[in-house]
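Structural overview
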Amino acid sequence: MTKVVLSSDHAAIDLRRAVADHIEAQGYEVEDIGPQTPESTHYPKHGHAAAEAVASGRADLGIILCGTGQGIMMAANKVKGIRCGVCSDTFSAAMIRQHNNANMLSLGARVVGEGLALSIVDAFLGAEFEGGRHATRVDMIEG
Ligand code: RB5
């Protein structure tokens, strides 16, 4: 079973819970590492925590969220082995898996509504890395 780790900052708690419920209903194993309370917090620590879960192999994939999706994505991508993209459309969400072998998706709760966010999640989880010439390029990302 594919295990997905979720985290967010305070700006995206409701959307994170909606994503958790949505993918749990599809049979994914979910580890929601919070936060669970609405106090203002710092997105880098939540991005790092989810990224560490993926990089260590504790989770297969990660979905992280903040107001724009940008800050928490930047933090996650500092962890070695993480390839995370922010998506506001379903085409990009599929392509970051198919061509970039992304292991994390970032969403902006102040950018996309819940319906679109869940479609983006479906596109991300439903796509597979195509390998081949894309593998050569993905290998080059690490430098
Ligand atoms: C919090 O106000 C906001 O800065 C954060 O959620 C995120 O959008 C940062 O990239």
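Scroll up to find the structure.
This write-up is about the structure you can find in this document. Just so we're clear, the structure is a prediction, and the values are computed from it rather than from any experiment.

1. Remarks on the overall build of the chain
Helices and strands together make up the secondary structure of the chain, namely 6 helices and 5 strands. Traced from its N-terminal end to its C-terminal end, the chain shows the element sequence β-α-β-α-β-α-β-α-β-α-α. Overall, the C-alpha framework of the chain stretches about 45 × 30 × 30 Å when taken along its three principal axes. In the chain, buried positions account for 49% of the 143 residues.

2. Observations regarding the sheet that holds strand β4 (residues 84-86)
Picture the strands of a sheet paired through backbone hydrogen bonds; they go either parallel or antiparallel. Read across the open sheet, the 5 strands follow the order β2-β1-β3-β5-β4; overall the sheet is parallel. The strands lining the two open edges of the sheet, one partner per strand, are β2 (29-32) and β4. On average, adjacent strands in this sheet sit at an angle of 20° to one another, irrespective of strand direction. Where strand β3 (residues 61-66) and strand β5 (residues 104-108) come together, 5 bridges link them in parallel fashion. Along β5, the bridge assignment pairs Leu-65 with Leu-107.

3. Looking at the site of the ligand
Around the ligand, the neighbouring residues are Asp-9, His-10, Ala-11, Tyr-43, Cys-66, Gly-67, Thr-68, Gly-71 and Arg-110. A distance of 3.2 Å separates an oxygen atom of the ligand from a polar atom in the side chain of Arg-110. Coverage of the ligand by the protein chains reaches 71% of its 290 Å² of free accessible surface. Of the residues in the shell around the ligand, the class split is 3 nonpolar, 4 polar and 2 charged.

4. Some words on the pairing of β3
Judged by how many residues are buried, β3 sits mostly within the fold: 6 of 6 residues are covered. Burial along β3 is two-sided: Leu-61, Ile-63 and Leu-65 and Gly-62, Ile-64 and Cys-66, pointing in opposite directions, are all buried. The pairing of strand β1 (residues 3-8) with β3 spans 5 bridges and is parallel. What sits directly across from Ser-7, in β3, is Ile-64.

5. A few points about the pairing of β5
Every regular strand shows the same layout, with side chains that alternate between the two sheet faces. Most of β5 sits out of view: 5 of its 5 residues are buried. Of the two faces of β5, both are covered, the one formed by Met-104, Ser-106 and Gly-108 as well as the one formed by Leu-105 and Leu-107. By the bridge criterion, 3 bridges tie β4 to β5 in an arrangement that is parallel. The partner of Cys-84 across the bridge, within β5, is Met-104.

6. Describing the environment of Glu-29
Topologically, Glu-29 is positioned in strand β2. Measuring from C-alpha to C-alpha, the distance between Glu-29 and Glu-142 comes to 28 Å, with 113 residues separating the pair along the chain. Contact partners of Glu-29, with chain neighbours within four places excluded, come to Met-1, Thr-2, Lys-3 and Val-4.

7. Description of the side chain of Arg-97
Mapped onto the fold, Arg-97 is located in helix α4 (residues 90-98). Buried within the structure, Arg-97 lacks any salt-bridge partner; Glu-128 is the closest side chain of opposite charge, at an N-O distance of 7.0 Å. Ignoring sequence-local partners within four residues, the contact set of Arg-97 consists of Leu-61, Ala-102, Phe-124, Leu-125, Ala-127, Glu-128 and Phe-129.

8. Thoughts on the packing of helix α1 (residues 13-24) against helix α5 (residues 114-126)
α5 packs onto α1 with a crossing angle of 50° between their chain directions and a minimal axis gap of 10 Å. Compared by their axis directions, α1 and α5 come out oblique. The two elements α1 and α5 cross, and the hand of that crossing is right-handed. Touching Leu-15, Ala-18, Val-19, His-22 and Ile-23 of α1 are Glu-114, Ala-117, Leu-118, Val-121, Asp-122 and Leu-125, all from α5. Broken down by class, the residue content of the contact of α1 with α5 amounts to 8 nonpolar, 1 polar and 2 charged.

About the thresholds
- Residues numbered from 1 in each chain as written.
- Predicted model: local features only at pLDDT ≥ 70, side-chain atom pairs only at ≥ 80, totals over all residues.
- Heavy atoms only, no water.
- Helix = DSSP H or I, 4+ residues; strand = E, 2+ residues; numbered from the N terminus.
- Buried < 20%, exposed > 50% of the residue type's maximum accessible area, 1.4 Å probe, protein only.
- Pairing = 2+ DSSP bridges.
- Axes fitted to C-alpha atoms, helices over the stretch in contact; angles between N-to-C directions.
- Near = heavy atom within 4 Å.
- Polar contact = N/O pair within 3.5 Å; in protein donor to acceptor, adjacent residues only side chain to side chain.
- Areas by Shrake-Rupley, 256 points an atom, 1.4 Å probe, with all protein chains shown as cover.
- Nonpolar A, V, L, I, M, F, W, Y, C, P; charged D, E, K, R; others polar.
- Contact = heavy atoms within 4.5 Å.
- Lys, Arg positive; Asp, Glu negative; His and termini not counted.
- Salt bridge = Lys/Arg side-chain N within 4 Å of Asp/Glu carboxyl O.
- Parallel < 35°, antiparallel > 145°, perpendicular 65-115°, else oblique.
- Left-handed = near helix turned anticlockwise from the far one by under 90°.

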